[in-house]
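Coordinate inspection notes
Here are the chains, one letter per residue:
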Amino acid sequence: MSSDFCIELKDICKSFGGVVANDNVNISIKKGSIHGIVGENGAGKSTLMSILYGFYSADSGDIYVDGDRVVIKDSKVAVNCGICMVHQHFMLVDNFTVLENIILGVESSPLVGVDLKRARAVLEDIEKTYNISVKLDAITQDLSVGDRQKIEILKALYRNAKVLILDEPTAVLTPDETDALFDVLRVLKSDGVTIILITHKLKEVMAVTDFVTVMRKGKDVCTVPTIDTNYDELARLMVGREVSS
């Protein structure tokens, strides 16, 4: 079924004990866009994206990928649907090389008999295409936080991600690293990759996104084109009242 949206989340509900994390959330993500999801801590944005990635299962509701309803029971199903997620805390093996970290879980496991030459060639092509530079033979623990994040993005692209979820990606980055990340995201977008950016930093949302969804207390408050809103309005929607400058 054809759809203008690559991802549609319909009436998603999720509770942990007596705490409601997502309360009938409805969000549609347009193909080839950078879509921000903003909200205060505890608004439910990370839980929602963890459901999309298969880390959690929704209590109720439906997920559609390219217009087709899918059941994402785990992250393997999500990856098979073209959905990858870069978590706030990176999931890398410190004493592995960059190359080993990227192919781990994709190629034969353990890393014996893997065609490393072919994998290297594919990754070098990805790095060139998206202007992502990181030494594939470097030991991961010796790299900066910004370079480790690049590894996670390369992992997603190596898995042919068409939807890339980033959870608070700038929380541990320097301003220069943040600018470099946004440059990468713009290149990915130009190549048709859809980016979902989970954040609470409104200035960054205004700088890089095409659309923004505001969440508050587990609900989706609104979704608007970023160009049609502003910092003050988003802040008000996030907290439910006027915010002093």
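Okay, so let's go over this structure. Since we're looking at a predicted model, the values are computed, not measured.

Moving on to the nonpolar core. Residues I153, L164, L166 and L188 are the most contacted members of the largest nonpolar core, which totals 36 residues. When residues of this core are traced back to their parent elements, those giving at least two are β6 (83-86), α3 (98-103), α4 (116-130), α5 (145-158), β7 (163-167), α6 (175-190) and β8 (194-199). Considering every element that reaches this core, the biggest residue donor is α5, with 6 residues. Filtering out sequence-adjacent residues up to four positions away, L188 remains in contact with Y130, I153, L157, L164, V193 and I195. Formed by 27 residues, the second largest nonpolar core is a distinct cluster that contains V70, I72, M85 and I198.

A word on the pairing of β6. Burial of the side chains of β6 extends over both faces: I83 and M85 are buried on one face and C84 and V86 on the other. Pairing of β6 with β7, which is carried by 4 bridges, proceeds in the parallel orientation. Of the residues in β7, the one forming a bridge with V86 is L166.

Read from one edge to the other, the open sheet built from 4 strands follows the order β2-β1-β4-β5, with strand pairing classed as antiparallel. Since the sheet does not close on itself, it has two edges, and those belong to β2 (19-30) and β5 (68-70), each with one partner. Taken pair by pair, the neighbouring strands of this sheet meet at an average axis angle of 25°, ignoring direction. Running at roughly 115° to strand β1 (residues 5-16), helix α1 (residues 45-52) makes contact with β1, β2 and β4 (60-65) of the sheet.

Right, let's talk about α1 for a bit. Counting buried residues along α1, 7 of its 8 residues qualify, which places the element largely inside the surrounding structure. Inspection of α1 places K45, T47, L48, M49, S50, I51 and L52 among the buried residues, and these make up the whole buried set. Within two residues after α1, G54 carries a phi angle of roughly 85°, on the positive side.

Quantified by volume, the second largest pocket comes out at close to 170 Å³. Lining the second largest pocket we find 13 residues, and of these A58, G61, I63, V71 and I72 sit closest to its centre. Secondary structure elements with two or more residues in the lining of the second largest pocket: β4 and β5. Of the residues forming the lining of the second largest pocket, the biggest block, 3 residues, is contributed by β4. Grouping the amino acids of the lining of the second largest pocket by side-chain chemistry returns 8 nonpolar, 2 polar and 3 charged.

Moving on: the state of the cysteines. In the structure shown here, the tally under the stated rule is 0 disulfides. Here C6 stays free of any disulfide, with the sulfur of C81 as its closest cysteine sulfur at 12 Å. With relative accessibility at 5%, the residue C6 sits in the buried group. Judged by its relative accessible area of 16%, C81 is buried.

Okay, the side chain of T194 next. Inspection of the secondary structure puts T194 in strand β8. Within polar-contact distance, the side chain of T194 engages the backbone nitrogen of G32 at 2.8 Å.

About the thresholds
- Residues numbered from 1 in each chain as written.
- Predicted model: local features only at pLDDT ≥ 70, side-chain atom pairs only at ≥ 80, totals over all residues.
- Heavy atoms only, no water.
- Core = buried A, V, L, I, M, F, W, Y, C linked by side-chain atoms within 4.5 Å.
- Buried < 20%, exposed > 50% of the residue type's maximum accessible area, 1.4 Å probe, protein only.
- Helix = DSSP H or I, 4+ residues; strand = E, 2+ residues; numbered from the N terminus.
- Contact = heavy atoms within 4.5 Å.
- Pairing = 2+ DSSP bridges.
- Axes fitted to C-alpha atoms, helices over the stretch in contact; angles between N-to-C directions.
- 1 Å grid on protein atoms, 1.4 Å probe; cavity = no way out; pocket = protein on both sides within 12 Å on 5 of 7 lines; lining within 4 Å.
- Points joined across faces, edges and corners; volume = space filled by probe spheres on them.
- Nonpolar A, V, L, I, M, F, W, Y, C, P; charged D, E, K, R; others polar.
- Disulfide = S-S within 2.5 Å.
- Polar contact = N/O pair within 3.5 Å; in protein donor to acceptor, adjacent residues only side chain to side chain.

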